[in-house]
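The residues making up each chain are set out below.
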Amino acid sequence: MQSLAAGRVSGRPSTASERRIHHMTPTILIVDDDPAQRRLLEATIGRFGYRPRPVGSGEEAVRLLMPGRERVDAVLLDLTMPGLSGIDVLNQVRPTRPHLPILVFTAHGGIDVAVQAMRAGATDFMVKPVSADRLQIAIRQALRPGVADDLDGVAPRRGRPMPVTDILGDSRAIRAVLGLVARAANSTIPILIEGESGVGKELIARAIHARSDRAHGPLVTVNCGAIPENLVETLLFGHEKGAFTGASERHIGKFQEASGGTLFLDEIGELRPDLQVKLLRALQAGEIDPVGSKQPVPIDIRLISATNRNLWDLVQTGQFRDDLYYRLNVFPIYVPPLRDRRDDILVLARHFIQRFEAAEGKRIRGLTEAAERLLTTYHWPGNVRQLENAIFRAVVLSDVDILDVEHFPQVQQAAYRANGFGDTALPGDYGAGPPVYAGPGGQPSLAPTPGGLAYPQAGGQMAPAPMPGTPMPGTQMPVGRPMLVAAGGGQPAPMMPQGFAQAPMPAPMPPAPQGSLPAAGLRPRDDEAEAPIRAFDEAGHIRPLEEIEADIIRMALRQYRGRVSEMARRLGIGRSTLYRKLRDLGLDGTD
Ligand SMILES: Nc1ncnc2c1ncn2[C@@H]1O[C@H](COP(=O)(O)OP(=O)(O)OP(=O)(O)O)[C@@H](O)[C@H]1O
């Protein structure tokens, strides 16, 4: 893991071409009263390739963010400052800069502070100390097209033209999707995008918006599964001043924010039943009722919704209203999982290599044949997002100019296990480090290695699996290794494949669980702290995947102290999927 260490700070441009590059480089405003922290952030932001713009107080930040002043693309804002606090800054800036990404930091974050910051309009919330990795990902996400503010910060955000060709792929399936995208863009028909997590639903929504005649208006994204339940209603529909305790200001909801543009409701299947009614009314009547308002407010949006659950199944089981389903599902677009469009894998892989080699300052020519075979035969349960993460990790790991199978240890392991232990890998194993095995009764045992099964070799050939204890040639995959259990302090003893002893290990834990999940969800039960993850039940049979998955999620919750983004990244699933699973397991602390 990188740490916030000093590095190159971008200086002032002097030549014309430097000035042009300087103009294109996103500017990050750093607002922190602590000079040491400010310098550290300034250096780190410069090292990421952005232009840092440090200021020492909330007052200075508010002045600088006034319409027509300097260009700022995102803000890193400390919450606790003398004079104007971070929340004060948010309250003053948001009315004129509704789309500017403002990432908030605090040293004393509890869930109440996080909720307060989100209510005031923070884009992201981080608890100090923040790792450089976390910071870089947060900034990168905040600056994604369709998220960042327009350049001068005065007018509402303009959609940036985004050609459909940004949706990469060579398969017939993706070409069919592109055809639908082009047709959908020309009308205002409501669209429902369905597909597993990570297949590219949000990317498609952005492409439709960017090609529509609303491209000049805002694209506002709401992930219905990732917002704390008690905030969904006010976030979507807004509230009047005094509508409830703590509502000290009037708040414009996402429907109004998206006026003249597109509202993208991701994870629509997660919407509470009462809010389904409210959404239906909004769509039927073309107006919304902000919380505490006596007057309905007319809306002017194009609606795109998405789901990674089968919405029709939810209708069948009574969890989703059928009348709303028919309203949303006027123009369905189904995005198949990556394993069903294998022709896309290498196109995407090459694209991600190019992107990450530039970002990491490396030169990577491509993939060996063996690596290509590994990637194209793997079943990618986390879809394009997982492929993107695997390539990112491989580019970081690599110190040669071509990526080989050894640079994809998780994929190798998961592919091997999928071949050796059934037709699916354990959920989350591809992003979470080496797998965890246990013998019957939780006793240490060797991982079973069924004979006669094949695994990919370094040379790309398929070969019979070796006997337990025999290192696999080329792949350096440890076979028949002892089980790894979460013992003692609940830490698994991760064992990296040979040759990867230097590979990045899980980040050291921050001092306290703050900000991500309510405390109730963070506290492991006493009996869990010592429990190994068992693959077998008392009778010696393999335990159901669902139970093993639940154990792994609990382990991740402890390991990453409830930091949902980190957990989701490590488990290789989307945040909203993780929120849903946590909720299903009663671990989200809302009960
Ligand atoms: N066809 C594609 N071409 C290029 N990049 C893609 C493609 N499909 C997906 N991606 C990239 O993969 C990542 C995941 O895509 P996206 O967030 O759109 O998935 P999603 O289906 O909305 O996931 P979730 O259901 O978890 O929200 C993004 O970084 C996206 O840019």
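Worth saying up front: this structure is predicted, and the values here are computed from it rather than measured.

### Regarding the sheet that holds strand E5 (residues 124–127)
Item 1. With parallel pairing, the five strands of this open sheet are ordered in space as E2-E1-E3-E4-E5. In this open sheet, the two strands that pair with only one neighbour each are strand E2 (51–55) and E5. Taking each pair of neighbouring strands and ignoring which way they run, the sheet shows an average axis angle of 20°.
Item 2. Two elements, strand E3 (residues 74–78) and strand E4 (residues 102–106), share four bridges in a ladder whose sense is parallel. Paired with Asp-78 across the bridge in E4 is Phe-105.

### Here we look at the site of the ligand
Item 1. Lining the immediate environment of the ligand, one finds 18 residues, of which Leu-168, Ser-197, Gly-198, Lys-201 and Glu-388 sit closest.
Item 2. The contact in question runs from an oxygen atom of the ligand to an N or O atom on the backbone of Glu-202, over 3.0 Å.
Item 3. Take Asp-266: an N or O atom from its side chain is 3.3 Å from an oxygen atom of the ligand.
Item 4. Contact with the protein chains removes 91% of the 640 Å² of surface that the ligand exposes when unbound.
Item 5. In the shell around the ligand, the residues fall into six nonpolar, four polar and eight charged.
Item 6. Two domains each provide a minimum of three residues to the shell around the ligand, namely domain 2 (164–336) and domain 3 (338–407).

### What about the packing of aromatic side chains?
Item 1. Throughout the structure, instances matching the rule amount to seven aromatic pairs.
Item 2. When the centroid spacing of 5.4 Å and the interplanar angle of 75° are considered together, the rings of Tyr-325 and Tyr-326 count as edge-to-face.
Item 3. For Tyr-325, a relative accessible area of 10% corresponds to the buried category.
Item 4. Owing to a relative accessible area of 52%, Tyr-326 belongs among the exposed residues under this scheme.
Item 5. By the ring-pair criterion, three or more aromatic residues cluster together here, those being Trp-312, Tyr-325 and Tyr-326.
Item 6. Over the ring of Phe-392 we find Arg-140, and its NZ or CZ is 5.3 Å from the ring centre.

### Section: the pattern of salt bridges
Item 1. Evaluation of the coordinates by the stated rule reveals 21 salt bridges.
Item 2. Here Arg-583 and Glu-270 are joined by a salt bridge, their closest N and O atoms 2.6 Å apart. Here Arg-583 is found in helix H22 (residues 575–584), whereas its partner Glu-270 is found in the loop between strand E8 (262–266) and helix H11 (273–285), with 313 residues between them in sequence.
Item 3. Using a relative accessible area of 25% as the deciding quantity, one classes Arg-583 as partly exposed.
Item 4. By relative accessible area, which is 12% here, Glu-270 ends up buried.
Item 5. The structure contains a network of salt bridges with shared partners spanning Glu-270, Arg-309, Arg-580 and Arg-583.

### So, the side chain of Thr-262
Item 1. Within the secondary structure, Thr-262 sits in strand E8.
Item 2. A distance of 2.6 Å separates the side chain of Thr-262 from the side chain of His-209, its partner in a polar contact.
Item 3. When residues no more than four places from it in sequence are discounted, the contact partners of Thr-262 are His-209, Arg-214, Pro-218, Leu-219, Val-220, Arg-302 and Ile-304.

### A look at the pairing of strand E6 (residues 191–194)
Item 1. The alternating pattern of E6 places Ile-191 and Ile-193 on one face and Leu-192 and Glu-194 on the opposite face, and all of these are buried.
Item 2. With four bridges connecting them, E6 and strand E11 (residues 302–307) associate as parallel partners. Opposite Ile-193, over in E11, you have Ala-306 as the bridge partner.
Item 3. Here four bridges tie E6 to strand E12 (residues 331–334), and the two strands are oriented parallel to one another. Counted as the bridge partner of Leu-192 is Pro-332 from E12.

Criteria and thresholds
- Residues numbered from 1 in each chain as written.
- Predicted model: local features only at pLDDT ≥ 70, side-chain atom pairs only at ≥ 80, totals over all residues.
- Heavy atoms only, no water.
- Pairing = 2+ DSSP bridges.
- Helix = DSSP H or I, 4+ residues; strand = E, 2+ residues; numbered from the N terminus.
- Axes fitted to C-alpha atoms, helices over the stretch in contact; angles between N-to-C directions.
- Near = heavy atom within 4 Å.
- Polar contact = N/O pair within 3.5 Å; in protein donor to acceptor, adjacent residues only side chain to side chain.
- Areas by Shrake-Rupley, 256 points an atom, 1.4 Å probe, with all protein chains shown as cover.
- Nonpolar A, V, L, I, M, F, W, Y, C, P; charged D, E, K, R; others polar.
- Domains from an automatic or database assignment.
- Phe/Tyr/Trp six-rings, centres within 6.5 Å; stacked < 30°, edge-to-face > 60°.
- Buried < 20%, exposed > 50% of the residue type's maximum accessible area, 1.4 Å probe, protein only.
- Lys NZ or Arg CZ within 6 Å of the ring centre and 35° of its normal.
- Salt bridge = Lys/Arg side-chain N within 4 Å of Asp/Glu carboxyl O.
- Contact = heavy atoms within 4.5 Å.

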